[in-house]
Amino acid sequence: MNTLFWLQTGACGGESLAILSADSPSLEQLLSTHDIELLWHPSLSHASMREHDAIFERIVSGNQTLDILCVEGSIVTAPRGTGLYDSYQGRARMDIARELAQHADVVVAMGTCAAFGGVHAATPNPSDCIGLQYNREQPGGLFPPEWRSRRGLPVINVSGCPAHPHAMTQTLAWLTTGLPLQLDGLNRPKAFFNTMVHQGCTRNEYHEYDIEEMAPGGPACLFFNLGCQGPMTQAVCNSDLWNGTSSKTRAGVPCFGCTSPAFPRDIDLFSTEKIGDIPLRLPLGVERARYMAYKNLAHHAAPARVKDKEMDS
Amino acid sequence: MARIDVNINLNRVEGDLEIGLTLEDGVVTEARTIGTLYRGFEQIMVGRTPRDALVITPRVCGICGTAHLYSAVLALEQAWQVPVPANATRIRNLCLIAEGLQNDFRQTFLFFAPDFCNPRYNRQPWFTEALAAFEPFRGAIYLETLATTRRVVEIVAHFGGQWPHSSYMLPGGVTLSADMRRILACRAVLDEVQRWYEQRIVGASLDDWLALDSADAYFGWLEASAHADSGLGLLSRCARSLGLHRLAAGTPHMLSSGSWCDPEHWAFNAEVRLLPGGFYNGDTGQIEAVDQQLINEHVRHSWFRPYQGGRHPWQGETVPDFQPNSDRYTWAKAPRYGDKVVQTGPLAELLIAGDALITSLHAAEGGNAWLRQFARVRRVALELLHARRMLDELALNMHEPHFLDMPKSRELDGEGYGLVMAARGILGHWLRIKNGQVDKYQIVTPTAWSASPRDSAGIPGHWEQSLVGLSVQDPDNPVEIGHIIRSHDPCLVCTVHMLDTGKRVRFAP
């Protein structure tokens, strides 16, 4: 049996709700067939807070094994580093998170807030939010970069705003097997961050032929003008559809890069910064000159059905 | 982007809540709701491009992000005087309804009903039934709720790409049209949800259930097994046997913005809703038109820089001033309608809209904890009805536009507000744009109304009022408090502690 404690810090509850949309496996299946015992979840646990306090005491006194600690929400450190803008029983949740993490076999940051600071850390960061082991793009958050949990792992960052339901349940299911979990350079489980949001986007034919959308509401590509971060963002949104149904870019909403440490960017989120006609930021790893040449050729090769935006996306 | 340095900023409590209670001989004599989290969303919005509100503000709340998105887009459309096509309003309504259905089922059967499985009740005649239906991760209705709500948010994903947290409503419309595939896929979801609701939750067809129009008729239904054995019937039997229909009225005044913009008649300067809104004056029993100018917020007991009396959101400010050891006790402000403490949510929504059954039950027994919860499940019927209507109209008008592009020159400086009925009640966004950037952004959430602290005159908020007089049998297992607080549909994380001879007890609904 793997014990799991879910802690909410400065959060909107988005991960707690998103995880209810997972179905392969579902949260119910994690509990029934993946040997996870839910010690505590703030919105789902039936027991009283008195029981919550007792569980917490047993964990920190070493009388209760804690296999997996999930943290949802930014680590609020204001005012003046006390963390009291987010408190429980007068105690900073920042300190509660720190104490629980020291007793956990594995610590999982569920969502960009817990991983990197997230939307609450957006300028001017009114409540001085940070992530568990990152401060936006900077390594080191509540814990320094070299910190390791009892299993010898850094904080596992299942980023996203909210985190993808299956990135959450499949990471948890894998952790229960005890098999090694491959992480990327931002300590994210590689399996969920090794594809671009762009990959699998139904607007790809428009992107391929450089047919751009100037205003929202149309079927074409959102990358060139409307701020889409899909070609620079690693996430499974278009390969494992949300709610089994769709993705933001499929629905005509630009990808805002919510799995990235810099989310949300300070600049206008619905427009693309450009040099001349070409976006300032290009698809991951692409050379500007070659990209320009390729797009120029592609644009001229576009078939009329694409140029005239006759194709659904 | 250039930033301006302004001292207007704030945040609203959506997550953590504590309630401080004073008990005398086991009876609550005083209650204080304590918001324990400050995040600063409104401050984050200041200096940003106005449209960014559509990405930032839905993230205030994981369970009602669609409602925030809807409020934000209405506020922008008003500020820029943008027309919105009927199909866009239909799609917005459809998605808001799907989010509402998700909330109403989860709140009722994952958060409220499991309290009837408390060991305290193991000698109640209905205890075995309650366990079989509502026990977390085991009860039949509980598990079916997980499955049904997973399905219903697919409707939002069809138009917004995902639920939670998307940004598909933009000034001038929505990003995606309703084509044949999406209309039929959404209809399939609605059919499935409706069948479950009819068979498992109310034990009647939607038509028969909607036709039910009096308290006496409902009490008759409670005697017949078709309804009595259903999810809502069981919930009502449990709640009423515990006397929840006699408890926790809270403030008699109610506020609703009206539900769902009328696609054909809505405009930034013409607020026409499918279900009418209003202010129900609990003193006179009359329903008056809503005047958003009467909404104001006090900070006398909140951890914000003090100002005199109440201020309308456009004049409001939110400068944190954390004073834990004073008579100020919360991160929540105290919203008032004029000088009135109001409640909002499904009971207010349906009473003001004139639902005959809710009106009759309210007339018979007054406001109470059971009726608040009952109204939430009743609302589902109206949500299903209107969702279907939106789909039918979309099918008939499939080739009408879903988005009207607006020239950048229209993005002028100005003010706007957007009011919608979110799952928990009236939600408002107010913004002011100056030099093309957000100069002020203020959000008044439904939870802010409910979880309000005392105002400048010392008048307690709605939850605070609703708890006074409640008898608590066992402070270590304060299940009575759970029923009351959860009947208000608090946001996800809510912590209550009671002060009883210096001993503190906490629990989370």
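Here the residue numbers are simple positions, counted from 1 along each chain's written sequence. For this description, chains carry letters from A and ligands carry numbers from 1, given in the order in which they are written. Local features are withheld for residues below a pLDDT of 70 in this predicted model, meaning they are given only at 70 or higher, and side-chain atom pairs are given and counted only at 80 or more; totals for whole chains, interfaces and linings count all residues.

Focus on the overall build of chain A
How we decide: Think of it this way: any DSSP run of H or I at least four residues long counts as a helix, any run of E at least two long counts as a strand, and we number them from the N terminus. Computation of the radius of gyration draws on C-alpha atoms alone. For the globule rule, the value is 2.2 Å times the number of residues to the power 0.38. Any residue surrounded by 20 or more other C-beta atoms within 10 Å of its C-beta is treated as buried, while 12 or fewer makes it exposed and the intermediate range makes it partly exposed; C-beta atoms here are placed from the backbone. In this description, any two residues whose backbone-derived C-beta atoms lie within 7 Å of each other are considered to be in contact.
Secondary structure summary: chain A contains 9 helices and 13 strands in total. Against the compact-globule benchmark of 20 Å for 313 residues, chain A has a radius of gyration of 21 Å, which places it among compact chains. Its C-alpha atoms put chain A at 70 × 45 × 30 Å along the principal axes. By the burial criterion, 56% of the 313 residues in chain A qualify as buried. Taking the intrachain contacts of chain A between residues at least 6 apart in sequence as the baseline, contacts between residues at least 24 apart amount to 70%.

What about the overall build of chain B?
Within chain B one finds 18 helices and 17 strands. Against the globule reference of 23 Å for 509 residues, chain B gives a C-alpha radius of gyration of 22 Å, in line with a compact fold. The principal-axis extents of the C-alpha atoms in chain B amount to approximately 70 × 55 × 40 Å. By sequence separation, contacts in chain B at least 24 residues apart represent 73% of the contacts at least 6 residues apart.

Digging into the sheet that holds strand 10 (residues 295–298) of chain B
Strand pairing in a sheet is mediated by backbone hydrogen bonds. Such pairs are either parallel or antiparallel. Residue and element names in this part refer to chain B. Basically, it comes down to this: Whether two strands pair depends on DSSP finding at least two bridges between them.
Ordered in space as 11-10-12, the 3 strands form an open sheet in which the pairing is antiparallel. Strand pairing shows two members of the sheet lacking a second neighbour, strand 11 (310–311) and strand 12 (334–337), which therefore form its edges. The sheet contact formed by strand 10 and strand 11 spans 2 bridges and is antiparallel. Within strand 11, the residue paired with His298 across the bridge is Gly310.

Looking at the nonpolar core
Put simply, the rule reads: Put simply, a nonpolar core is a cluster of buried Ala, Val, Leu, Ile, Met, Phe, Trp, Tyr and Cys residues tied together by C-beta atoms within 7 Å. Residue ranges assigned to the domains are those given by an automatic or database domain assignment.
Membership of the largest hydrophobic core comes to 240 residues, with the highest contact counts inside it found for Leu69, Val71, Val107, Ala109 and Leu132 of chain A together with Leu94 of chain B. Of the residues forming this core, the biggest block, 14 residues, is contributed by helix 15 (residues 369–396) of chain B. Each of two domains, domain 1 (2–191) and domain 2 (195–313) of chain A, supplies a minimum of three residues to this core.

Some details on the confidence of the model for chain B
Residues and elements named next belong to chain B. Counted only if it meets this: Each residue carries a pLDDT value, the predictor's own confidence for that position, ranging from 0 to 100.
For chain B, per-residue confidence averages 90 on the pLDDT scale, and residues scoring 70 or more make up 93% of the total. Within the model, pLDDT remains below 50 along residues 492–509, and this stretch shows 69 contacts once partners closer than five positions in the same chain are excluded. Both scores are given for the predicted complex: the pTM is 0.95, the ipTM 0.97.

Topic: the sheet that holds strand 8 (residues 278–281) of chain B
All names here are of chain B. Operational definition: Comment: axis = line fitted to C-alpha atoms, over the contacting stretch for helices; angle = value between 0 and 180 degrees taken between N-to-C directions.
With antiparallel pairing, the 3 strands of this open sheet are ordered in space as 5-8-9. The open sheet has two free edges, formed respectively by strand 5 (254–256) and strand 9 (286–288), since each of these has just one partner strand. The average angle at which neighbouring strand axes cross in this sheet is 20 degrees, direction not considered. Those strands touched by helix 13 (residues 346–353) are strand 5, strand 8 and strand 9, and its axis lies near 80 degrees from that of strand 5.

Some remarks on the environment of Ser487 of chain B
In this structure, Ser487 of chain B sits in helix 18 (residues 479–487). Contact partners of Ser487 of chain B, with chain neighbours within four places excluded, come to Phe112, Ala248, Ala369, Arg372 and Gln373 of chain B.

Focus on the pairing of strand 13 (residues 414–422) of chain B
Residues and elements named next belong to chain B. Counted residue by residue, strand 13 has 7 buried out of 9 residues, so it is predominantly covered. Note: strand 13 against strand 14 (residues 425–434), 9 bridges, orientation antiparallel. Bridging from a neighbouring strand, Gly414 pairs with Ile433 of strand 14. Where strand 13 hands over to strand 14, the hairpin turn is made up of 2 residues, counted between the paired strands.

As for the packing of helix 5 (residues 127–134) of chain B against helix 12 (residues 231–241) of chain B
For any two helices packed against each other, one specifies the crossing angle of their axes together with the interaxial distance. Residue and element names in this part refer to chain B. This is how it is decided: Each angle receives one of four descriptions, namely roughly parallel if under 35 degrees, roughly antiparallel if over 145, roughly perpendicular if within 65 to 115, and oblique otherwise. Two helices that cross are described as forming a left-handed crossing if the nearer one is turned anticlockwise from the farther one by less than a right angle, and a right-handed crossing if clockwise. Following the grouping adopted for this structure description, the nonpolar residues are Ala, Val, Leu, Ile, Met, Phe, Trp, Tyr, Cys and Pro, the charged ones are Asp, Glu, Lys and Arg, and the polar ones are all others, Gly among them.
Closest axis-to-axis distance for the helix 5/helix 12 pair is 11 Å, and the angle between their directions is 135 degrees. Classified by the interaxial angle, the pair formed by helix 5 and helix 12 is oblique. In this structure, helix 5 crosses over helix 12, and the sense of that crossing is left-handed. Where helix 5 approaches helix 12, its residues Glu129, Ala130 and Ala133 are matched on the opposing element by Gly231, Leu234 and Cys238. The residue inventory of the contact of helix 5 with helix 12, partitioned by class, reads 4 nonpolar, 1 polar and 1 charged.

Structural notes on the environment of Leu21 of chain B
Residue and element names in this part refer to chain B. By the element assignment, Leu21 lies in strand 1 (residues 17–24). When the 25 C-beta atoms within 10 Å are taken as the criterion, Leu21 is described as buried. A sequence separation of 10 residues divides Leu21 from Ala31, and the C-alpha atoms of the two residues are 4.3 Å apart.

Some remarks on the interface of chain A and chain B
Chain A puts 59 residues into the contact, and the matching count from chain B is 61 residues. Of all the elements in the fold, those that place two or more residues in the side of chain A that touches chain B are helix 1 (14–18), helix 2 (27–33), helix 3 (49–60) and strand 5 (87–88) of chain A. In terms of residue count, helix 1 of chain A provides more of the side of chain A that touches chain B than any other element does, 4 residues in total. Here the residues of the side of chain A that touches chain B are counted per class, giving 29 nonpolar, 22 polar and 8 charged.

A closer look at helix 3 of chain A
Residue and element names in this part refer to chain A. Counted only if it meets this: Multiplying 1.5 Å by the residue count of a helix minus one yields the expected span of that helix. This arc describes the spread of directions from the helix axis toward the C-beta atoms.
Helix length check: helix 3 (12 residues) gives 16 Å between terminal C-alpha atoms against 16 Å at 1.5 Å per residue, within 8%. Among all positions in helix 3, only Met49, His52, Phe56 and Ile59 are buried. Buried residues of helix 3, seen end-on, are gathered within an arc of 70 degrees and therefore sit on one face of the element. Backbone geometry just after helix 3 places Gly62 at a positive phi near 85 degrees.

Notes on the domain arrangement of chain A
Residues and elements named next belong to chain A. Domain annotation of chain A identifies domain 1 (2–191) and domain 2 (195–313). Each of domain 1 and domain 2 has a C-alpha centre, and these two points are 32 Å apart. With 18 residues of domain 1 in contact, the opposing surface of domain 2 contributes 13 residues. Elements with a contribution of two residues or more to the side of domain 1 that touches domain 2: helix 5 (112–116) and helix 6 (165–177). Within the side of domain 1 that touches domain 2, the residues separate by chemical class into 7 nonpolar, 8 polar and 3 charged.

Some remarks on the packing of helix 13 of chain B against helix 15 of chain B
All names here are of chain B. Axis separation between helix 13 and helix 15 bottoms out at 8 Å; the angle between their running directions is 70 degrees. Our classification of the angle between helix 13 and helix 15 gives roughly perpendicular. Crossing angle aside, the handedness with which helix 13 passes helix 15 is left-handed. Here Pro346, Leu347, Glu349 and Leu350 of helix 13 lie close against helix 15, whose contacting residues are Leu371, Arg372, Ala375, Arg376, Arg378 and Arg379.

Focus on the environment of Pro119 of chain B
Turning to its location among the elements, Pro119 of chain B is positioned in the loop between helix 4 (86–112) and helix 5. On a C-alpha basis, the gap between Pro119 of chain B and Tyr280 of chain B in space is 39 Å, while along the polypeptide they are 161 residues apart.

What about unusual backbone geometry?
Residue and element names in this part refer to chain A. Pro25 follows Ser24 through a cis peptide bond whose omega is 0 degrees. Pro162 follows Cys161 through a cis peptide bond whose omega is 0 degrees. Relative to the assigned elements, Pro162 resides in the loop between strand 11 (156–158) and helix 6. Even without glycine at this site, Asp35 takes up a positive phi of about 60 degrees.

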